[in-house]
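Architecture and fold: a report
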Amino acid sequence: MKNNEWVTRWVIDTIKEKYADDIALVISHTTLRINDSEPTISYFVPITNRGNELARTFILNGEGFDIWSISWERLEQFAELEEYNITVLADSEILYAKDDEWVHRFEMLKSKQRSNLADASKMRTCALKAYAQAKELYMEMLFAGKSDIRMLSGYILDYLARAIAFSHHIYFKKAQTAQLEELQQLDQKGKMPEGFYELYLSIIKENDEIKQKEKCHKVIQIVHEYLEKTYPYNTPKEHNYQDLADWYAELSYTWLRLRHYAAADDFVKVYMWGIFLQNELNSVCEDFCLEKPELMECYDYRNLDAFISRADELEKWIRGKIAAGGGIIHEYNSKEDFINENT
């Protein structure tokens, strides 16, 4: 009897003998095993804290085994696509169940996961989140050295590939280890970002640390442009443009600050209040699916008038979006007008 067969049988027999009331399910998940064709114990779902005691990590005849538990609450996170390896639930098989109720509950979770994978809004969120994680890893890599550079480069590729996969409502059955093979069908259909496949391999082959960082920057840019085309900005009907109007009323004083400090030729304060406004604009425009406005691109300490002109344009643009969306800016030409409306 093979090691995996013996261990699987031992787990099921032990549950029946000692943990019948403590463990609901025994699950096989083999897509990450060297031989993925043989059903093998991967994890179990405990009902009680006592059930967790079955967990084991050991080596048998030179082969490592990790018998781990996943709580029902965490399985629900897999169903919501909030866990890294979606395949752990999606490509799993029940080897043992306490009763049919648990089988039904487990299959309902898998069904929920499939529904989420088919949900365009959900997958957009997943894709953009994976892309954001790749960017965070890139920032960490800029200050890394030696082995960490190669490690982080690999994970940058991993999360960028996940972003592409999510944009097509698919996931990786073998995590990060066989991404290019799994994406190959998309590449053949012309649904991969141009140059991604080649850069992916080039980064893995690259031995020069500086060049590897440069290539990671380039591949991030490729996926950035791809996602911008995949998820164009549209005006979402579900958003309440009164929220945008209230945001503007709060931020309007920042435009006054910029004009004031520009008139005083205080380029440092103009710069610092400018980055604050750019950050606010980035955030609110992402929330409302509006095109990202470029403000700081126009900054030049020698020509603050041009910068203020751009800030004025963006203020007018925001006010136009509010009006078009039905938001109302609460503004008054006199104290009397304010009192009349607020008493």
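Below: a short report on this structure.

Rules and cut-offs
- Residues numbered from 1 in each chain as written.
- Predicted model: local features only at pLDDT ≥ 70, side-chain atom pairs only at ≥ 80, totals over all residues.
- Heavy atoms only, no water.
- Core = buried A, V, L, I, M, F, W, Y, C linked by side-chain atoms within 4.5 Å.
- Buried < 20%, exposed > 50% of the residue type's maximum accessible area, 1.4 Å probe, protein only.
- Helix = DSSP H or I, 4+ residues; strand = E, 2+ residues; numbered from the N terminus.
- Contact = heavy atoms within 4.5 Å.
- Pairing = 2+ DSSP bridges.
- Axes fitted to C-alpha atoms, helices over the stretch in contact; angles between N-to-C directions.
- 1 Å grid on protein atoms, 1.4 Å probe; cavity = no way out; pocket = protein on both sides within 12 Å on 5 of 7 lines; lining within 4 Å.
- Points joined across faces, edges and corners; volume = space filled by probe spheres on them.
- Nonpolar A, V, L, I, M, F, W, Y, C, P; charged D, E, K, R; others polar.
- Expected span 1.5 Å × (residues − 1).
- Arc of directions from axis to C-beta.

This brings us to the nonpolar core. Core analysis: the largest hydrophobic core is formed by 42 residues, its most contacted members being Ile156, Leu160, Leu183, Phe196, Val219, Val223 and Leu227. Take this core: its biggest share by element is 11 residues, from helix 6 (residues 147-167). When sequence neighbours within four positions are dropped, the list of residues in contact with Leu183 reads Ala161, Ile164, Ala165, Phe172, Met192 and Phe196. In this structure, Val270, Val284, Phe288 and Ile308 belong to the second largest nonpolar core, which totals 27 residues.

The next subject is the sheet that holds strand 3 (residues 56-60). Read across the open sheet, the five strands follow the order 3-4-2-1-5; overall the sheet is mixed. Each edge of the open sheet is held by one strand with a lone partner, namely strand 3 and strand 5 (93-97). Adjacent strand axes in the sheet meet at a mean angle of 20 degrees, parallel and antiparallel pairs treated alike.

A word on the layout of surface pockets. Looking at the second largest pocket, its volume works out to about 490 Å³. Around the second largest pocket, the lining is made up of 23 residues, and of these His29, Leu32, Arg33, Ser42 and Trp68 lie nearest the centre. The element best represented in the lining of the second largest pocket is strand 4 (residues 63-69), accounting for five residues. Of the residues assigned to the lining of the second largest pocket, the class counts are eight nonpolar, nine polar and six charged.

Turning our eyes to something else, we now look at helix 4 (residues 100-118). Along its 19 residues, helix 4 runs 27 Å from first to last C-alpha, staying within 8% of the 27 Å computed at 1.5 Å per residue. Listed as buried for helix 4 are Trp102, Phe106, Leu109, Lys110, Gln113, Asn116 and Leu117. Projected down its long axis, helix 4 carries its buried residues within an arc of 115 degrees, all on one side. Opposite the buried face of helix 4, by more than 90 degrees, sit the exposed residues Asp100, Glu101, His104 and Ala118. In the core, the buried residues of helix 4 are packed alongside strand 1 (23-28), strand 2 (41-46), helix 2 (72-79), helix 3 (87-90), strand 5 and helix 5 (120-142).

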